[in-house]
Every structure is written in C-alpha cells, then in structure tokens.
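The primary structure of each chain is shown beneath.
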Amino acid sequence: SAVISQKPSRDICQRGTSLTIQCQVDSQVTMMFWYRQQPGQSLTLIATANQGSEATYESGFVIDKFPISRPNLTFSTLTVSNMSPEDSSIYLCSARDRVAGEQFFGPGTRLTVL
Amino acid sequence: AQSVTQLDSQVPVFEEAPVELRCNYSSSVSVYLFWYVQYPNQGLQLLLKYLSGSTLVKGINGFEAEFNKSQTSFHLRKPSVHISDTAEYFCAVIGGTGKLIFGQGTTLQVKP
C-alpha cells in the first residue's frame, strides 16, 4: 500500500493569487493523479501527472490554470493559478502502481478562495 | 468512453435494516470496479474492489458487492446497517483509459 501526504491541508486565499499544493508518496508509484471535489460533489479527475513530461489534462482543465509537475516517482505538485471563488474545492492527490490495482488517495487540500 | 452511474443520490434507511446502493457502469473493455466511502469531513477509504475472479466481493465493515457483467452493474450491499455507516459512498471504475472515474455518489443516511 502507499501512504500519501499533502501540504497544505487547507488554505484561504485571495482572488487572483495562486496556490501550489504538494503531494508526497511514501513509495515509488507508476501513476499519480490530481482530482477536484467541489462542495457536495463527487471527485473529478483533473489530470494525470507524468514523470518527467507534461501532464495529461482532462476535458475542461488546462495547463495554464492548473500547472502540474512530477519530477520523480514519489512527488508531484498542483498549482491553482489566478484563483476565483469557483476554485474553492478539495484537491486530492492520488497514486496507483498498476493498472489493475488499488488507487490510494491523500487526505486532500481544502481550498477556500475569497 | 467509460462512465459510472449511481442510481440513487440519497438512500435513507433505518438502523439494522439491509441496504443496497446501486451502481451501473459503461465500458467497451474489461473493467476494474471499486467502492469508496467518505465519512463527513474525512478522506476517501476503499471499501472493496473487483479486479478478477469471483464476482462476489467482500469488503470491510460487513459490506459486499456483486459484479454482474451482463447487467453492467456493481451494487453494494450490507445486510444490517449501523448509525456509523452514515456516509457518502462512491462507485468507481477503471476501464480502457486506465483512469479511475467516479460516479456521482450516494448519501447513505442511517436513522435510529
């Protein structure tokens, strides 16, 4: 199994600013992902974080708004850029080592944009 | 494309009664299926998973689910619920894209 930690756990930010969320996995994993959970909603996949190359974004999400880095097999960052109140959500980091395997989730970062 | 539909947004049930939370999926290829639970203000926890083999899968906290390929379903069941089972339950699938996609969620409300 993999244990995932995220920093910060929560933050309150002003409109127009940016926040970078860090994700650390306690073991090397093949696949890392970022999800968003808006208030009262399900989880939506933002992107797949690819090690050493550009992330693969889902429809409706773009690199300029959500730049992602993954410098190695255990670490990734998600930046929420030029924030607006609509970006207020929980952002979750996730990892999986095999296509057919359990996917682990971090505790999430609760973001409030004023 | 793969998708997941949870047929009930809310399921109210009395304590010690049985419950079934319904989940249907669509995928053109073989799938791997999961149920996650999210307690209020907490993170996601895996309840159970179907990867291959027996279609009846047992998970934690007395939950089980049955994979039905012909009906493309993966319904979650528990014979007797407790107040502590009150939570949000998410069905999720990995299909041909290799990505874990979630259903809309079902709120299980257990009443005394």
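This is a predicted model, so every value here is computed, not measured.

A. The arrangement of the overall build of chain B in detail. Summing up its helical and strand segments, chain B has 0 helices and 12 strands in all. Starting at the N terminus and walking to the C terminus, you meet the elements of chain B as β-β-β-β-β-β-β-β-β-β-β-β. Relative to the 2.2 N^0.38 estimate, which gives 13 Å for 112 residues, the radius of gyration of chain B is 13 Å and therefore close to what a compact globule would have. Projected onto its principal axes, the C-alpha coordinates of chain B cover approximately 40 × 30 × 20 Å. Within chain B, buried positions represent 46% of all 112 residues.

B. How the structure looks around the sheet that holds strand 7 (residues 68–69) of chain A. Residues and elements named next belong to chain A. Judged by pairing direction, the sheet is antiparallel, and its 4 strands sit side by side in the order 1-3-8-7 without closing on themselves. Only two strands of the sheet have a single neighbouring strand rather than two, namely strand 1 (4–7) and strand 7. Alignment of strand 3 (residues 19–25) against strand 8 (residues 75–80), held across 6 bridges, turns out to be antiparallel. Opposite Leu19, over in strand 8, you have Val80 as the bridge partner.

C. Structural view of the state of the cysteines. Counting across every chain of the model gives 2 disulfides over all chains. A disulfide bridge connects Cys23 of chain A with Cys93 of chain A, and the sulfur atoms are separated by 1.9 Å. Across the S-S bond of Cys23 of chain A and Cys93 of chain A the torsion is about -70°, and the bridge reads as left-handed. Separated by 70 residues along the polypeptide, Cys23 of chain A in strand 3 and Cys93 of chain A in strand 9 (residues 89–96) bring together distant segments of the chain. Pair check on accessibility: Cys23 of chain A and Cys93 of chain A agree, each one buried. Between the sulfur atoms of Cys23 of chain B and its disulfide mate Cys91 of chain B the distance is 2.0 Å. The chirality of the disulfide connecting Cys23 of chain B with Cys91 of chain B is left-handed, given an S-S dihedral of about -65°. Of this pair, Cys23 of chain B sits in strand 4 (residues 23–26) while Cys91 of chain B sits in strand 10 (residues 87–94), placing them 68 residues apart in sequence. A relative accessible area of 0% means that Cys23 of chain B is categorised as buried.

D. Fine view of the interface of chain B and chain A. Taken together, the contact between chain B and chain A spans 17 residues of the former and 17 residues of the latter. When the two sides are added together, the surface that chain B and chain A hide from each other amounts to roughly 1,400 Å², 59% of it contributed by carbon and sulfur. Viewed at the interface, chain A and chain B are joined by 2 salt bridges. Across the pair Glu102 of chain A and Lys49 of chain B runs a salt bridge whose closest N-O atoms are separated by 3.9 Å. Of all the secondary-structure elements, those providing two or more residues to the side of chain B that touches chain A are strand 5 (32–38), strand 6 (44–50), strand 10 and strand 11 (100–102) of chain B. Top contributing element to the side of chain B that touches chain A by residue count: strand 5 of chain B, with 4 residues.

So, how was this worked out
- Residues numbered from 1 in each chain as written.
- Chains lettered and ligands numbered in written order.
- Predicted model: local features only at pLDDT ≥ 70, side-chain atom pairs only at ≥ 80, totals over all residues.
- Heavy atoms only, no water.
- Helix = DSSP H or I, 4+ residues; strand = E, 2+ residues; numbered from the N terminus.
- Rg over C-alpha atoms; globule rule 2.2 N^0.38 Å.
- Buried < 20%, exposed > 50% of the residue type's maximum accessible area, 1.4 Å probe, protein only.
- Pairing = 2+ DSSP bridges.
- Disulfide = S-S within 2.5 Å.
- Contact = heavy atoms within 4.5 Å.
- Buried area = accessible area lost by both parts, 1.4 Å probe.
- Salt bridge = Lys/Arg side-chain N within 4 Å of Asp/Glu carboxyl O.

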